[in-house]
Amino acid sequence: MLQDLVHEHWISIFLDLFYHKEANKTYNCENLGLREIPDSLPNTTEFLEFGFNFLPTVQNTTFSRLTDLIFLDLTRCQINWIHEDTFQSHHQLSTLVLTGNPLIFMAETSLDGPRSLKHLFLIQTGISNLEFIPEQNLKNLESLYLGSNHISSIKFPENFPTQNLKVLDFQNNAIHYLAGKDVNTLEAANLSLNLDGNDIRGIEPGAFHSKVFQSLRFGGTLDLSVILKGLQNSTTQSLWLGTYEDTGDQDLTTATFEGLCEMSVGSINLQKHHFSPLSSTTFRCFTQLQELDLTATHLRELPSGIQGMNSLKKLVLNVNHFEQLCQINAASFPALTDLYIKGNLNKLSLGAGCLEKLENLQRLDLSHSDIEASDCCNPPLKSLHRLQYLNLSYNMPIGLQSQAFKECPKLEVLDLAFTHLSVRAPQSPFQNLPLLRTLNLSHCLLDTSNQHLLEGLLDLQQLNLQGNHFQDKSISKTNLLQTVSSLEVLILSFCELLSIDQQAFRSLGKMSHIDLSHNNLTESSINALSHLKGTYLNLATNSIRIIPPHLLPILSQQSTINLSRNPLDCTCSNVHFLTWYKENVQRLEDSEYTVCAHPPSLRGVKLSEVRLSCGITAVGIFFLIVFLFLFIILLIFSVKFLLRWKYQHI
């Protein structure tokens, strides 16, 4: 009995100190070895994560006290039995997670009570037949997750309410054949149906006739022609037919896609498949597509002469083997607005004018593709006058001339992170980009002494200069930031900065977020922020030790401050800051890592827990009394001496 009381008390402390997320609302009791709901859990709990405990039997008394529950997660609690009326008092319960429980029995009325149970997770529960699921009180069900079970048919019982389902997940079951009568039990329109990992080998002709889906997933299917023929006369916004590294599949041919001509599809994903052979006729039935994802399909080029794909808006060609950008034959897709060639496995040459027929292109991602260009970027971006987003990050060295992006005057986002940039003109390469709002130049090995580098960026709001180095490891009064007065977000972390001039940021009056973390700045650099108010200020991992009183008003006028992982002094020399810290702890971020470094006796102690006594000690009082006593004696002798001297001279 005593052991139970001690355990209950420990759980109460554990909940209060570590897992209490929102007062009386949300609790995490996962993996605590519990066999029942602890009494310390408030009755007002609405969100409860109770997974990885031990509840072999769930009865109507198990959670009866927690009538306000909205979300309940019972993942892997070794539940075998769920008895009658288990949730009869839980009218607000919306989500129930039973994943990973070896269910043997669920009573017909076990889910009675909730008025709007919307999300039910029965993943990996050993279910082999859909009749196992209680059908009462599920008329409002929107998502049902049944993955990793032993289900062989998607046929629901006659009275099972499927009309409001939006998500139905059958992935990794044993479903190999889809009969028309089984599909007809799915009454919901615009359903997202997941059948990944089932290796569908047959679909009854007409089974999907006139059916409308939001998305269909048949990932890992050996023979895609079976799927596409079986889906004839159906409509789906998204069709996912990709495969996986450890899954065998047949090469895709023109014949594979014949069934696609008889259905309506918005987007198709064919990731990791092989095309053999690949010709312009392979895409004969793709003419109505708006999105096509060919990620990792071992492509070295797209055939010329592809016709009819005038509706395609988005093309994904990531992780393929192109050597020249012109090998995608972009002219076959004149309506493209989004093109992604990310992570190309060969060194990609941009060439000149390869994309000039894509006059509607708005987003272009060429990152992680080993691109190297001595004169970038107008020739490869020719005629892309509507481009708004360009990603050239994580590439080989690129040389930028003056007005390097004049072909793309509408650019709003430009990402050049981790690409060594060599600016070969005295003027800014970005000066013709008046609409640019976000510029990522992190780790670009920039020449930051070039004060004209950012000229012309009149509307720039976010600038990332992380990992670039400044001359003498300092930002001087005159610097490249003076031309971007509209900045709201500035990132200068990992720049090895030692100091910042007090006037360095004077032109940046609109700043709302500044990251100066992971440098070697001392407290003196805080002066550079004196004109900023309501700013998120990150000074984590620097060399700040003692913050004098005259700098505290600067910190007080910021909204959020991070001073974690600095070698902070916790002696009386820093008592004014320590007092300020405790009074403003609500605006401090990462307070658990804001700890003392000095003196050694307080090393690792949180600043909020430091208690200093900085008045006069007993020893100090003793010496003060001695000093005053000696001073009085000296004063008396001085007066006597003066009186004697006056008397002698009368």
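Residues numbered from 1 in each chain as written. Predicted model: local features only at pLDDT ≥ 70, side-chain atom pairs only at ≥ 80, totals over all residues. Heavy atoms only, no water.

A. Quick look at the sheet that holds strand β4 (residues 57–58). The sheet built from three strands is open, its strands ordered β4-β6-β8 with parallel pairing. A single partner strand is all that each edge strand has here, and the edge strands are β4 and β8 (105–106). Relative to β8, strand β6 (residues 81–82) runs parallel, the two sharing two bridges. Looking at the pairing, Ile82 lines up with Met106 of β8. (Pairing = 2+ DSSP bridges. Helix = DSSP H or I, 4+ residues; strand = E, 2+ residues; numbered from the N terminus.)

B. Quick peek at the pattern of salt bridges. All chains considered together, the criterion is met by 10 salt bridges. Two residues, Asp199 and Arg201, come together in a salt bridge whose shortest N-O distance is 3.4 Å. By relative accessible area, Asp199 is classed as partly exposed at 22%. Asp569 is paired through a salt bridge with Arg545; the nearest N and O atoms lie 3.0 Å apart. Placement of the pair is Asp569 in strand β35 (residues 568–569) and Arg545 in the loop between β33 (536–538) and α4 (552–556), with a sequence separation of 24 residues. Look at Asp569 and you get buried, because its relative accessible area is 3%. (Salt bridge = Lys/Arg side-chain N within 4 Å of Asp/Glu carboxyl O. Buried < 20%, exposed > 50% of the residue type's maximum accessible area, 1.4 Å probe, protein only.)

C. How the structure looks around the pairing of strand β13 (residues 191–194). Covered by surrounding structure in β13 are Leu191 and Leu193 together with Ser192 and Asn194, the residues of both alternating faces. Where strand β11 (residues 167–169) meets β13, three bridges bridge the pair, whose relative direction is parallel. Its bridge partner being in β13, Leu168 is matched across the sheet by Leu193. In this sheet, strand β15 (residues 212–217) lies alongside β13 in parallel orientation, the contact comprising four bridges. Considered in β15, the bridge of Leu191 is made with Phe213.

D. View of helix α5 (residues 575–583). Residues of α5 that are buried include every one of Phe577, Leu578, Trp580 and Tyr581, and no others. Mapping the buried residues of α5 onto a view down its axis gives an arc of 160°, with all of them on the same face. Elements in contact with the buried residues of α5: α4, β34 (560–562), β35 and β36 (588–589). (Arc of directions from axis to C-beta. Contact = heavy atoms within 4.5 Å.)

E. Summary view of the environment of Val595. Tracing the backbone through its elements, the reader meets Val595 in the loop between β36 and β37 (596–598). Residue classification places Val595 among the partly exposed residues on the basis of a relative accessible area of 22%. Not counting chain neighbours up to four residues away, the residues in contact with Val595 comprise Asn566, Leu568, Gly604, Val605, Lys606 and Leu607.

F. A look at the state of the cysteines. Going through the model one piece at a time under the given rule, you end up with five disulfides. Through a disulfide, Cys326 is tied to Cys354; the S-S separation comes to 1.8 Å. Taking the torsion about the sulfur-sulfur bond, which here is approximately -80°, the covalent link between Cys326 and Cys354 counts as left-handed. Taken together, the residues Cys326 in the loop between β19 (314–316) and β20 (338–340) and Cys354 in the loop between β20 and β21 (363–365) connect sequence positions 28 residues apart. Of the residues examined, Cys326 reaches a relative accessible area of 38% and is grouped as partly exposed. The buried category is assigned to Cys354, whose relative accessible area is 10%. Disulfide partner of Cys572: Cys614, at an S-S distance of 2.1 Å. Here Cys572 and Cys614 share a disulfide; its torsion about the S-S bond, -95°, makes the bridge left-handed. Here Cys614 lies in the loop between β37 and α6 (618–648) and Cys572 lies in the loop between β35 and α5, a separation of 42 residues in the sequence. (Disulfide = S-S within 2.5 Å.)

G. Expanded view of the nonpolar core. One finds Phe430 and Phe505 to be the most contacted residues of the largest nonpolar core, which totals 173 residues. Elements with a contribution of two residues or more to this core: β13, β15, α3 (224–230), β17 (264–269), β22 (373–376), β24 (398–400), α4 and α5. Among the elements that line this core, the one with the most residues is α5, at four residues. Other than its neighbours up to four places away in sequence, Phe430 contacts Leu400, Phe405, Leu414, Leu416, Leu439, Leu441, Leu453, Leu454, Glu455 and Leu457. (Core = buried A, V, L, I, M, F, W, Y, C linked by side-chain atoms within 4.5 Å.)

H. Geometry of the packing of aromatic side chains. In total, this model carries 16 aromatic pairs according to the counting rule given. Put simply, the rings of Phe257, Phe275, Phe283 and Phe286 touch in pairs and so form one group of aromatic residues. A cation over a ring is seen here: Arg217 above Trp240, with NZ or CZ 4.2 Å from the ring centre. Here Arg363 stacks its cationic end above the ring of Tyr389, 4.0 Å away from the centre of that ring. (Phe/Tyr/Trp six-rings, centres within 6.5 Å; stacked < 30°, edge-to-face > 60°. Lys NZ or Arg CZ within 6 Å of the ring centre and 35° of its normal.)

I. Structural context of a nonpolar patch on the surface. The grouping of Phe627, Leu628, Phe631, Ile632, Leu635, Ile636, Val639 and Leu643 at the surface amounts to a nonpolar patch, some 790 Å² of accessible area in total. Looking at where Ile632 falls in the secondary structure, it is placed in helix α6. The partly exposed category is assigned to Ile632, whose relative accessible area is 47%. (Patch = residues over 30% accessible without salt bridge, like charges linked within 9 Å, V, L, I, M, F, W, Y side chains within 5 Å. Areas by Shrake-Rupley, 256 points an atom, 1.4 Å probe, with all protein chains shown as cover.)

J. Local environment of the pairing of β15. As paired strands, β15 and strand β16 (residues 235–240) are joined by five bridges and run parallel to one another. Bridge pairing in β16 links Leu216 to Leu239. In this fold, β15 hands off to α3, which returns the chain to β16; that crossover is right-handed. (Right-handed = clockwise from strand over helix to strand, strands pointing away.)

Just geometry here; none of it tells us what the structure is for.
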